[in-house]
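Summary of structural features
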Amino acid sequence: MFGCFFPSPRALVYSAGGWALIALLFWHFVAGDWGDPTGLSGLLGLEGNTVWVYLYVLLAYAAFAAFWMWYRPHRWSLWSVAGSALIVFVTWFQVQLDVMINQWFGRFYDTIQKALAKPGAVTVEDYYGQLATFLIIAMVFIVTAVLNAFFTSHFVFRWRTAMNDRYVDLWQQVRHIEGASQRVQEDTMRFAGIMESLGVRFIDAVMTLIAFLPILWGLSVHIKEIPVVGELAYALVWVAILWSVFGTGILALAGYRLPGLEFRNQRVEAAFRKELVIGEDRESRAQPPTLGELFANVRRNYFRLYLNYLYFNVVRYGYLQAGVILPYIALGPTIVSAGFTLGVMQQIIRAFGRVENSFQFLVNSWTTIVELMSIYKRLAAFERAIAGDDQAAIEFETGPRAPAG
């Protein structure tokens, strides 16, 4: 599943994490003090070393990809290694744009508060100038997001192609394995797509956390106390962490049965589909009693799935809706005491939401993770069957078999 597309997958992931840590430490202790050695920031009229930050991160990703493409030559390394590096870099860049938008919200709402407090305090030019700034950032974000989505689609298809080529080369060996056609056609497609989607969202969550946690940490100085607890240093950070841990725990508890039910669902569906397909060529197969029994298994499993999703969704949506008003509850004492401006409040609300969503990656992705776990179980069993593990055949038993005709 991974080795056919990525060179040494485990080593690649570990080295990527180590390289990211080294690059981050080198920036904070060395490269960040260089100013802008390129001089492009001043030339473009940008503050500080803005251009150098982006160039440094781009060079770090490029160096990592170049090393792996040299160290472990692989048929798909241009897509798997260099492509992954590009996707991660673009995701980081989008997070930086989100930070810019968060800063813009602070300035814009402070401008509105100033304008509403006294007529003529803000000129029309200043007001529309703020909106123009937002449009520029938004347009860059839109263009980047569209191009990244386009590239990611091709990336996913290349991963599916690598898996497909592997299984097709082994087709004469695997064609007799129960469910082989579904594994090769459907599961490879869904596995590659879900893995990339979850991977990008996980990286985005980590990078958003790295970018916005210091912002929320700094903005917490405006919060003198929160309800129930009273005075607490960096209160908003602790509220976001504890609320996210609580949500992850209750969602995991409510949905712990779902992966197994999803896995079984694919098995009973495959048994029903297989009997129908065989019945197209053999009159003795796909008889009403057999089909009735197989469909009863499908119905029974779906009803169990619906019931489990019922209470899972009650917990999930209740938790998410409560999270909408949580920051306003935490900010209540500060708001009524006029402890900050409208612009600062908007920055706090957006930063809190970003940090909270990053910590809630498992909560927001739980149903997708359940689906991925189900697919992974099937492909893992398929791989074991290819390797000659007789016990793996148990995983492909999809229900009662009709007698051969």
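Small disclaimer: the values here were computed from a predicted structure and weren't measured. (Residues numbered from 1 in each chain as written. Predicted model: local features only at pLDDT ≥ 70, side-chain atom pairs only at ≥ 80, totals over all residues. Heavy atoms only, no water.)

**Quick look at the nonpolar core**
One finds Leu236, Leu331 and Ile348 to be the most contacted residues of the largest nonpolar core, which totals 56 residues. Per-element tally for this core: the top contributor is helix α4 (residues 77–117), with twelve residues. The contact partners of Leu236, leaving out residues within four places of it in the chain, are Leu216, Ser220, Ile223, Ala330, Leu331, Ile348 and Phe352. Core analysis: the second largest hydrophobic core is formed by 36 residues, Leu12, Trp68, Trp159 and Phe382 among them. (Core = buried A, V, L, I, M, F, W, Y, C linked by side-chain atoms within 4.5 Å. Buried < 20%, exposed > 50% of the residue type's maximum accessible area, 1.4 Å probe, protein only. Helix = DSSP H or I, 4+ residues; strand = E, 2+ residues; numbered from the N terminus. Contact = heavy atoms within 4.5 Å.)

**Things to note about a positive patch on the surface**
Together, Arg257, Arg264, Arg299, Arg300 and Arg304 make up a region of like positive charge exposed at the surface. Among the elements that make up the positive patch, the one with the highest residue count is helix α10 (residues 288–336) (three residues). By secondary structure assignment, the location of Arg304 is in helix α10. (Patch = residues over 30% accessible without salt bridge, like charges linked within 9 Å, V, L, I, M, F, W, Y side chains within 5 Å. Areas by Shrake-Rupley, 256 points an atom, 1.4 Å probe, with all protein chains shown as cover. Salt bridge = Lys/Arg side-chain N within 4 Å of Asp/Glu carboxyl O. Lys, Arg positive; Asp, Glu negative; His and termini not counted. Charge placed at Lys NZ, Arg CZ, Asp CG, Glu CD.)

**What to know about the packing of helix α8 (residues 235–254) against helix α12 (residues 361–386)**
Where α8 contacts α12, the two axes come as close as 8 Å, and the packing angle between them is 25 degrees. Classified by the interaxial angle, the pair formed by α8 and α12 is roughly parallel. In contact with Gly247, Thr248, Leu251 and Ala252 of α8, α12 contributes Leu362, Val363 and Trp366. Partitioned by chemical class, the residues of the contact of α8 with α12 number five nonpolar, two polar and no charged. (Axes fitted to C-alpha atoms, helices over the stretch in contact; angles between N-to-C directions. Parallel < 35°, antiparallel > 145°, perpendicular 65-115°, else oblique. Nonpolar A, V, L, I, M, F, W, Y, C, P; charged D, E, K, R; others polar.)

**Here we look at the confidence of the model for the protein**
Mean pLDDT over the protein: 82, with 93% of residues reaching 70 or higher. Predicted confidence for residues 393–405 stays below pLDDT 50, and this span has 32 contacts to residues more than four positions away or in other chains. (pLDDT = per-residue confidence, 0-100.)

**A few points about the pattern of salt bridges**
Enumeration according to the criterion identifies three salt bridges in this entry. Notably, a salt bridge pairs Asp165 with Arg75, separated by 3.2 Å at the nearest N-O pair. Of this pair, Asp165 sits in helix α5 (residues 124–169) while Arg75 sits in the loop between α3 (50–71) and α4, placing them 90 residues apart in sequence. One salt-bridge network, held together by shared partners, links Asp98, Arg350 and Arg354.

**Comments concerning the environment of Asn308**
Tracing the backbone through its elements, the reader meets Asn308 in helix α10. Each residue touching Asn308, except ones within four places of it in the same chain, is listed here: Arg257, Leu258 and Leu261. For Asn308, the side chain forms a polar contact with the side chain of Tyr311, separated by 2.5 Å. (Polar contact = N/O pair within 3.5 Å; in protein donor to acceptor, adjacent residues only side chain to side chain.)

**Comments concerning the packing of aromatic side chains**
Within the structure shown, the criterion is met by 37 aromatic pairs. Geometrically, the ring pair formed by Trp243 and Tyr319 is stacked, given 4.7 Å between the ring centres and 15 degrees between the ring planes. In this pair, Trp243 sits in helix α8 while Tyr319 sits in helix α10, placing the two residues 76 residues apart along the sequence. With respect to burial, Trp243 and Tyr319 carry one shared label: buried. Taking 6.4 Å as the distance between ring centres and 50 degrees as the angle between the ring planes, the aromatic pair formed by Phe246 and Tyr319 counts as tilted. You can see Phe246 sitting in helix α8 and its partner Tyr319 sitting in helix α10, a full 73 residues away along the chain. Given the relative accessible area of 4%, Tyr319 is considered buried. (Phe/Tyr/Trp six-rings, centres within 6.5 Å; stacked < 30°, edge-to-face > 60°.)

**A word on the environment of Glu280**
By the element assignment, Glu280 lies in the loop between α9 (258–279) and α10. In this structure Glu280 comes out as exposed when scored by relative accessible area, which is 65%. Residues Glu280 and Pro119, 161 residues apart in the sequence, show an inter-C-alpha distance of 79 Å.

**Comments concerning α4**
For α4, which comprises 41 residues, the first-to-last C-alpha distance of 59 Å matches the rise-based estimate of 60 Å (1.5 Å per residue) to within 8%. Taken as a whole, α4 carries its principal kink of about 30 degrees at Gly83. (Expected span 1.5 Å × (residues − 1). Bend = angle between axes of the 7 residues up to and from the residue.)

**Side note on unusual backbone geometry**
In this structure, Ser8 is a non-glycine residue whose phi angle is positive, near 45 degrees. Note that Ser8 resides in the segment before α1 (9–29).

**Focus: α1**
In this model, α1 (21 residues) spans 30 Å end to end at C-alpha, consistent with the 30 Å of a helix rising 1.5 Å per residue. Looking at α1, one finds that the buried residues are Leu12, Ala23 and Trp27. Down the axis of α1, the sector holding all buried residues measures 30 degrees, keeping them to one side. Exposed residues on α1 whose side chains face more than 90 degrees from its buried face are Arg10, Tyr14, Ile22, His28 and Phe29. (Arc of directions from axis to C-beta.)

**Some details on a nonpolar patch on the surface**
A contiguous nonpolar patch, built from Trp217, Val221, Val228, Val229, Leu232, Tyr234, Trp238 and Leu242 and spanning about 830 Å² of accessible area, is present on the exposed surface. Here Leu232 lies in the loop between α7 (180–219) and α8. For Leu232, a relative accessible area of 34% puts it in the partly exposed group.

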